[in-house]
There are 4 protein chains.
Amino acid sequence: MSGLQRGRPRSAHAHQAVLAAAVELLTSGGYQRLTMEAIAAKAGVGKQTVYRWWPSKAAIVAEAVLSGHLAAAASPLAETGDVVTDLRDWLSGQLARLTDPSSTALLRGLTAAAAESDDDAAKLYERFTGPFRQYVVRRLAIGVQQGQLRPDARLDAAADFVIGALIYRTLTHGNLSGQGGVDDLIEVLLAGLGPRPGTTATSPG
Amino acid sequence: MSGLQRGRPRSAHAHQAVLAAAVELLTSGGYQRLTMEAIAAKAGVGKQTVYRWWPSKAAIVAEAVLSGHLAAAASPLAETGDVVTDLRDWLSGQLARLTDPSSTALLRGLTAAAAESDDDAAKLYERFTGPFRQYVVRRLAIGVQQGQLRPDARLDAAADFVIGALIYRTLTHGNLSGQGGVDDLIEVLLAGLGPRPGTTATSPG
Amino acid sequence: MSGLQRGRPRSAHAHQAVLAAAVELLTSGGYQRLTMEAIAAKAGVGKQTVYRWWPSKAAIVAEAVLSGHLAAAASPLAETGDVVTDLRDWLSGQLARLTDPSSTALLRGLTAAAAESDDDAAKLYERFTGPFRQYVVRRLAIGVQQGQLRPDARLDAAADFVIGALIYRTLTHGNLSGQGGVDDLIEVLLAGLGPRPGTTATSPG
Amino acid sequence: MSGLQRGRPRSAHAHQAVLAAAVELLTSGGYQRLTMEAIAAKAGVGKQTVYRWWPSKAAIVAEAVLSGHLAAAASPLAETGDVVTDLRDWLSGQLARLTDPSSTALLRGLTAAAAESDDDAAKLYERFTGPFRQYVVRRLAIGVQQGQLRPDARLDAAADFVIGALIYRTLTHGNLSGQGGVDDLIEVLLAGLGPRPGTTATSPG
DNA sequence: CGGTAAGCGAGACGGTACGTCGTGTCTTTCG
DNA sequence: CGAAAGACACGACGTACCGTCTCGCTTACCG
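Keep in mind the model is a prediction, meaning the values are calculated, not measured.

### Some details on the overall build of chain A
Alright, step 1. When its secondary structure is counted, chain A shows 9 helices and 0 strands.
Alright, step 2. Sequence-ordered secondary structure for chain A, helices as α and strands as β, is α-α-α-α-α-α-α-α-α.
Alright, step 3. Classification of the 205 residues of chain A by burial places 48% in the buried group.
Alright, step 4. Split by element, the accessible area of chain A, about 9,600 Å² in all, is 52% carbon and sulfur.

### With respect to the protein's contact with DNA strand E
Alright, step 1. Contacts to DNA strand E come from 42 residues, most closely from Tyr51 of chain A, Arg52 of chain B, Arg52 of chain C together with Glu37 and Gln48 of chain D.
Alright, step 2. When the atoms of DNA strand E within 4 Å of the protein are sorted by group, sugar and phosphate make up 66%.
Alright, step 3. In the environment of DNA strand E, a phosphate oxygen lies 3.0 Å from a nitrogen or oxygen atom belonging to the backbone of Ser11 of chain C.
Alright, step 4. Between DNA strand E and Lys47 of chain D there is a distance of 2.7 Å, counted from a base oxygen to a side-chain nitrogen or oxygen.
Alright, step 5. Counting only elements with at least two residues in the surface near DNA strand E, the list comes to helix 2 (36-43) and helix 3 (47-53) of chain A, helix 3 (47-53) of chain B, helix 3 (47-53) of chain C together with helix 2 (36-43) and helix 3 (47-53) of chain D.
Alright, step 6. The dominant element in the surface near DNA strand E, judged by the number of residues it contributes, is helix 3 of chain C, at 4 residues.

### Some thoughts on the relation of the copies chain A and chain B
Alright, step 1. When chain A is fitted to chain B, the residual RMSD is 0.2 Å, and the transformation amounts to a turn of 179 degrees plus an axial shift of 0.1 Å. The operation mapping one copy onto its partner corresponds to a two-fold rotation axis.
Alright, step 2. A shared binding surface is used by both copies, with 100% of the interface residues of chain A retained as interface residues in chain B.

### Thoughts on the interface of chain A and chain B
Alright, step 1. Across the boundary between the two partners, chain A contributes 40 residues, which contact 40 residues of chain B.
Alright, step 2. Roughly 3,400 Å² of surface becomes buried between chain A and chain B when both sides are summed, with 63% attributable to carbon and sulfur atoms.
Alright, step 3. Sorting the residues of chain A by area buried against chain B places Phe161, Tyr168 and Val188 of chain A first, and these three jointly supply 22% of that buried surface.
Alright, step 4. Asp160 of chain A serves as the salt-bridge partner of Arg169 of chain B, at 2.4 Å between the closest nitrogen and oxygen.
Alright, step 5. On inspection of chain A and its partner chain B, the count reaches 6 residue pairs in polar contact (both at pLDDT 80 or more).
Alright, step 6. If you list the elements that add at least two residues to the side of chain A that touches chain B, you get helix 6 (101-116), helix 7 (118-145), helix 8 (155-173) and helix 9 (181-193) of chain A.
Alright, step 7. Grouping the amino acids of the side of chain A that touches chain B by side-chain chemistry returns 20 nonpolar, 7 polar and 13 charged.

### Quick look at the UniProt feature "DNA-binding region" (unreviewed entry) in chain A
Alright, step 1. As recorded in UniProt, the sites labelled "DNA-binding region" (unreviewed entry) are residues 35-54 of chain A.
Alright, step 2. In the segment residues 35-54 of chain A, helix accounts for 75% and strand for 0%; the C-alpha atoms at its two ends are 13 Å apart.

### Focus on the interface of chain D and chain C
Interface size is often expressed as the accessible area that is lost when the parts come together.
Alright, step 1. Taken together, the contacts link 40 residues of chain D with 40 residues of chain C.
Alright, step 2. Between chain D and chain C, the buried area comes to about 3,400 Å², and carbon and sulfur atoms account for 63% of it.
Alright, step 3. Counting across the interface, chain D meets chain C through 4 residue pairs in polar contact (both at pLDDT 80 or more).
Alright, step 4. Of all the secondary structure elements, the ones that give two or more residues to the side of chain D that touches chain C are helix 6 (101-116), helix 7 (118-145), helix 8 (155-173) and helix 9 (181-193) of chain D.
Alright, step 5. Ranked by residues supplied to the side of chain D that touches chain C, first place goes to helix 8 of chain D with 14 residues.
Alright, step 6. Split by residue class, the side of chain D that touches chain C holds 20 nonpolar, 7 polar and 13 charged.

### What to know about the confidence of the model for chain A
Alright, step 1. In the predicted model, chain A carries a mean pLDDT of 80, and 83% of its residues have values of at least 70.
Alright, step 2. Confidence drops under a pLDDT of 50 for residues 198-205 of chain A, and excluding neighbours within four residues, the segment shows 2 contacts in the predicted structure.

### Some remarks on the packing of aromatic side chains
Alright, step 1. The tally for this structure, following the rule as stated, stands at 22 aromatic pairs over all chains.
Alright, step 2. Relative to Phe132 of chain A, the ring of Phe128 of chain A has its centre 6.0 Å away and its plane inclined at 50 degrees; by these criteria the two rings are tilted. Of this pair, Phe128 of chain A and Phe132 of chain A both sit in helix 7, 4 residues apart, which is roughly one turn of that helix.
Alright, step 3. The exposure class assigned to Phe128 of chain A is buried, which follows from its relative accessible area of 8%.
Alright, step 4. For Phe132 of chain A, a relative accessible area of 6% translates into the label buried.
Alright, step 5. Pairwise contacts between aromatic rings join Trp90, Phe128, Phe132 and Tyr135 of chain A into one cluster.
Alright, step 6. Lying over the aromatic face of Trp53 of chain C, Arg10 of chain C brings its terminal NZ or CZ to 5.1 Å of the ring centre.

### Side note on the relation of the copies chain D and chain C
Alright, step 1. Rotating chain D by 179 degrees and moving it 0.1 Å along the rotation axis overlays it on chain C with an RMSD of 0.2 Å.
Alright, step 2. An overlap of 100% is found between the interface residues of chain D and their copies at the interface of chain C, pointing to a shared contact surface.

### As for the packing of helix 1 (residues 12-29) of chain B against helix 2 (residues 36-43) of chain B
All names here are of chain B.
Alright, step 1. The contact between helix 1 and helix 2 brings their axes to 8 Å, and the two run at 120 degrees. In terms of orientation, helix 1 lies oblique with respect to helix 2. Between helix 1 and helix 2 lies a crossing whose hand is right-handed. Contacts between helix 1 and helix 2 pair Ala17, Val18, Ala21, Ala22, Glu24 and Leu25 from the former with Ala38, Ile39, Lys42 and Ala43 from the latter.
Alright, step 2. Looking at side-chain class alone, the contact of helix 1 with helix 2 contains 8 nonpolar, no polar and 2 charged residues.

### Considerations on the nonpolar core
Alright, step 1. Formed by 130 residues in total, the largest nonpolar core has its most connected members in Ile39, Ile60, Leu124 and Leu140 of chain A together with Ile39, Ile60 and Leu140 of chain B.
Alright, step 2. Discounting residues that sit within four places of it in the chain, Ile60 of chain B has contacts with Val18, Leu19, Ala22, Met36, Ile39, Val50 and Trp54 of chain B.
Alright, step 3. Ala115 and Ala153 of chain C together with Val45 and Leu171 of chain D belong to the second-largest nonpolar core, a separate cluster that totals 128 residues.

### A closer look at helix 6 of chain D
All names here are of chain D.
Alright, step 1. A rise of 1.5 Å per residue sets the reference length of helix 6, with its 16 residues, at 22 Å; its end C-alpha atoms lie 22 Å apart and thus fit the reference within 8%.
Alright, step 2. Across the 16 residues that make up helix 6, a large majority, 12, are buried.
Alright, step 3. Among all positions in helix 6, only Ser103, Thr104, Leu106, Leu107, Arg108, Gly109, Leu110, Thr111, Ala112, Ala113, Ala114 and Ala115 are buried.

### Focus: the pattern of salt bridges
Alright, step 1. In total, this model carries 22 salt bridges over all chains according to the counting rule given.
Alright, step 2. Within the structure, one salt-bridge network assembled from shared partners comprises Arg133, Asp156 and Asp160 of chain A together with Arg169 of chain B.

Rules of the game
- Residues numbered from 1 in each chain as written.
- Chains lettered and ligands numbered in written order.
- Predicted model: local features only at pLDDT ≥ 70, side-chain atom pairs only at ≥ 80, totals over all residues.
- Heavy atoms only, no water.
- Helix = DSSP H or I, 4+ residues; strand = E, 2+ residues; numbered from the N terminus.
- Buried < 20%, exposed > 50% of the residue type's maximum accessible area, 1.4 Å probe, protein only.
- Areas by Shrake-Rupley, 256 points an atom, 1.4 Å probe, with all protein chains shown as cover.
- Near = heavy atom within 4 Å.
- Polar contact = N/O pair within 3.5 Å; in protein donor to acceptor, adjacent residues only side chain to side chain.
- Least-squares fit on C-alpha atoms with pLDDT ≥ 70 in both.
- Contact = heavy atoms within 4.5 Å.
- Buried area = accessible area lost by both parts, 1.4 Å probe.
- Salt bridge = Lys/Arg side-chain N within 4 Å of Asp/Glu carboxyl O.
- Nonpolar A, V, L, I, M, F, W, Y, C, P; charged D, E, K, R; others polar.
- UniProt positions renumbered as here; feature names shortened; annotations may be inferred.
- pLDDT = per-residue confidence, 0-100.
- Phe/Tyr/Trp six-rings, centres within 6.5 Å; stacked < 30°, edge-to-face > 60°.
- Lys NZ or Arg CZ within 6 Å of the ring centre and 35° of its normal.
- Axes fitted to C-alpha atoms, helices over the stretch in contact; angles between N-to-C directions.
- Parallel < 35°, antiparallel > 145°, perpendicular 65-115°, else oblique.
- Left-handed = near helix turned anticlockwise from the far one by under 90°.
- Core = buried A, V, L, I, M, F, W, Y, C linked by side-chain atoms within 4.5 Å.
- Expected span 1.5 Å × (residues − 1).

See the structure below:
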């Protein structure tokens, strides 16, 4: 066991300050302005301290996402009983959040961080999209339980569709508003998960 | 017209050499190694020449994609008459291509390039995913014509789903093989585009 | 022959600015404050430009000495006809110069620069002490011609004595003033170079 | 009186280890490699312990010199009765020692240490050259007693000459061997200290 | 056909950020 | 309370690229 503590313990304060500084720089100035030197300076920390904790910018961003500093802030999951309504509302909410310039900047930053390091990419995406996926899958599972969706619905595939499309549209079009696309997405998605045609579905009402 | 040509004309050879060098650097060494200096050096070209033609790395990559140097190389579209078979085959083909490490590197590079410049992002994605989208939409449209899909199917939304999920999975999991996920994706997608349950579809034959 | 000029020629202006900046920093703040970054900053020059011209701080200092930016400023050689008077005056003058704090700082800096690099040390000392040595040897040679000094006087050894003692005292005692030591030095030196006892010399008094 | 000892006494072992480590680093790797961290590491000592005892590198080197770790190792003074023979032998011996690369490195290191700190310079030189000066002055004094040298000989000036020239030549030429300069130095020096021409010197034999 | 104008390879320029190293201080635990 | 260990804020190091700017040369058009 390496247990015995030797030397001055690492400063939790410095750790937090770095994460906070990174988030602020990322959301304000984009990934361009997210330099190690700027992070250290804004955090009031030596560069060496930053490197002592994280090996790369991507790792910092990843931890910031994980620790909630860059909260995906999944909007609360309303459960009205109707999977269509719920998902539409939730998707609309996410979309509204992603329309916010700072969120777009954040997503862009995450993308850049992920593109930078093969190793960190999976971790980053997992941490960032995890909450989204969780909610989508959970809500769909409930739908399955209630017979609104077919029992063998591919929930993971559906979640990938939703998240992928969300990210793709955000990065592509920059601004998602005014597309009226949410309904289309929902329709395609849910139709594909609904009870098999020909199957006698128990009416949900 | 400003047309009257003065001075030495721009060298098409230099133009091509730059694109080729960029592609090679991108696929071999990732976006990290794709520096303007490296591009110029490998192309045997002065840096100024590069900047004379393109304002940024992203622009070079965009043009490389456009001009087919970084071919999306959309696999030929087989049309067996059955939209499910066709799409599954096509998706499998794309997936196989994206499984190739150099394609992953390329996609990562494109992502990085897009993340770097807000302006170029849309253009880049459009150019890179354009052929994909084109094929998917066209094939789906044929399906609609043939009555295999509902007439009011949201083809654009479907295409976004497919492309988004494809990119997302590539970036996330790195290696797409062995997921058996294609069938799931197809199933979700096509079920959502199929004839409305309860509607009597006229057989196209 | 490498003759053909390629690329932008090196900027003589930058070259000079660096030397000037180095001298100013050295005389004002000592060798401690003579950092590559400070030199570049004060010269209004990129660090890379400094490194392009010189491999080390010591080399910069060496060239500054050579080019007269850090002039040894050998005081004009009075030739009254009496070697004792001349050397005493000259030595007093040098001593007065070396008493000046900036000269002491300079000498200390040169010493530090020399101590830093085995290769540059000889060059540095040679360039810095060269003018001194030249004058001493020349004046002594005249004394030999005029019969004031023995014909086989070891002028080089004498010059080493003078320069060595000068530097040693400056570095050791910091302040040479008020030592009244010049006369002692002169006496020891010239007695050792005077006509051999027993030889019938024209009596100097 | 502050006398009553509280807490753990300072470790003499640590003290010695630091000095030894400093000497080894200085003679092996030059002043460049003589860093506080390296000293502490090689000595198996905490950095703080080093700083607790010495305020600077120069101080460490100074003490190392003083305590004989960096022995000037003045060669034993032979006294044959003839001041010329004795001084020549002694000077040759010193020269041989200084020709040794490790001695040159040491001298360079001392110079660098001295150049670094105005305050420590005098102390360093005094400690390092003290034994030299002592011997030279003593031997010359004997010469005076025995009538080989003039009674009013400036022994301090002479010692400065000898030491200054020795250091200067070592630093300048790196390698003193093969210069045949010792004899020249001796000749100049002793001639300048010999009995005044015209004075009736008691024959030493 | 000679002048003029732009593009060309080359590479130096002023900068910014990199990741590492050393400094001197501090904060732990252990003896 | 000293000593080891080692983290801390700081600042300089030498390198890599950035995007711009001269150079001398080449290649077109135009008068």
